[in-house]
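Each chain, letter by letter, is given below.
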Amino acid sequence: MSLNSQALPDYERHLLAAMAFFLGRDSDAQARACLCMYLRQAEPRIMAQVRYYAHQISAQTGKQIAAYDLLQMIVDSPEAVAAALPHLGRVHNDDQPDIFS
């Protein structure tokens, strides 16, 4: 995955540039650091969702699936996971524009 800090909305790009400046990093390295920090802080919320949907798939199929197995499936085959969860109700759909796409 490639991060391009120049693709951010103006305000966030400026904030990132200031943060990178004060920390002595280039903006792309700082963007990666920010993303990693956010993901670590959000890990409990993200993994709660993963556990919930692992339980849903387990209940539907009768086969136990662990949360970390589902997490790996999301990485390896998101289409298969989407097919197993047809009523997922994502926040951003393919037919709606997303500022970060």
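Residues numbered from 1 in each chain as written. Predicted model: local features only at pLDDT ≥ 70, side-chain atom pairs only at ≥ 80, totals over all residues. Heavy atoms only, no water.

Visitor: Whenever I open this one, the overall build of the chain confuses me. Can you help?
Guide: Looking only at helices and strands, the chain has four helices and zero strands in total. Along the chain, helices and strands appear, N-terminal first, in the series α-α-α-α. Considering the chain as a whole, with its 101 residues, one finds that 17% of them fall into the buried category. Within the chain, contacts between residues separated by at least 24 positions form 29% of all contacts whose residues are at least 6 apart in sequence. Summed over its atoms, the accessible surface of the chain is roughly 8000 Å², and 58% of this surface lies on carbon and sulfur atoms. (Helix = DSSP H or I, 4+ residues; strand = E, 2+ residues; numbered from the N terminus. Buried < 20%, exposed > 50% of the residue type's maximum accessible area, 1.4 Å probe, protein only. Contact = heavy atoms within 4.5 Å. Areas by Shrake-Rupley, 256 points an atom, 1.4 Å probe, with all protein chains shown as cover.)

Visitor: Before we go on, may I ask you to explain the packing of helix α1 (residues 10–23) against helix α2 (residues 27–61) in this structure?
Guide: Helices that pack against each other are described as a pair by the angle of their axes relative to one another and the distance between those axes. Remark: α1 packs on α2, axes separated minimally by 9 Å, with the N-to-C direction vectors making an angle of 100 degrees. Considered as vectors, α1 and α2 are oriented roughly perpendicular to each other. In contact with Leu16, Ala17, Met19, Ala20 and Leu23 of α1, α2 contributes Ser27, Gln30, Ala31 and Cys34. Among the residues forming the contact of α1 with α2, the class breakdown is seven nonpolar, two polar and no charged. (Axes fitted to C-alpha atoms, helices over the stretch in contact; angles between N-to-C directions. Parallel < 35°, antiparallel > 145°, perpendicular 65-115°, else oblique. Nonpolar A, V, L, I, M, F, W, Y, C, P; charged D, E, K, R; others polar.)

Visitor: What is the right way to look at the nonpolar core in this model?
Guide: One recurring pattern in soluble globular proteins is that nonpolar side chains are buried together. Judged by nonpolar contacts, Met47, Val50, Ala54, Ile57, Ile65, Ala67, Leu70, Val81 and Leu85 together constitute the single largest core of nine residues. Counting residues per element, the ones that place at least two in this core are α2 and α3 (67–76). When residues of this core are assigned to their parent elements, the largest contribution, four residues, is made by α2. With near-sequence residues (within four places) excluded, valine 50 lies in contact with Ala67, Leu70 and Leu71. (Core = buried A, V, L, I, M, F, W, Y, C linked by side-chain atoms within 4.5 Å.)

Visitor: What's the story with the state of the cysteines in this structure? I'm lost.
Guide: Working definition: the covalent bond between the sulfur atoms of two cysteines is a disulfide. A full pass over the atoms with the stated rule returns zero disulfides. As a non-bridged cysteine, cysteine 34 has cysteine 36 as the owner of its nearest cysteine sulfur, 9.5 Å distant. (Disulfide = S-S within 2.5 Å.)

Visitor: Looking at this structure, how should I read the packing of aromatic side chains?
Guide: We describe a pair of aromatic rings using the distance from one ring centre to the other and the angle between the two ring planes. Scanning all chains against the criterion turns up two aromatic pairs. Between phenylalanine 21 and phenylalanine 22, the aromatic rings sit 5.2 Å apart at their centres with planes inclined by 75 degrees, giving edge-to-face as the arrangement. As far as burial versus exposure is concerned, phenylalanine 21 and phenylalanine 22 are alike and both exposed. With 4.9 Å between their ring centres and 85 degrees between their planes, tyrosine 52 and tyrosine 53 make a pair best called edge-to-face. For tyrosine 52, a relative accessible area of 45% puts it in the partly exposed group. (Phe/Tyr/Trp six-rings, centres within 6.5 Å; stacked < 30°, edge-to-face > 60°.)

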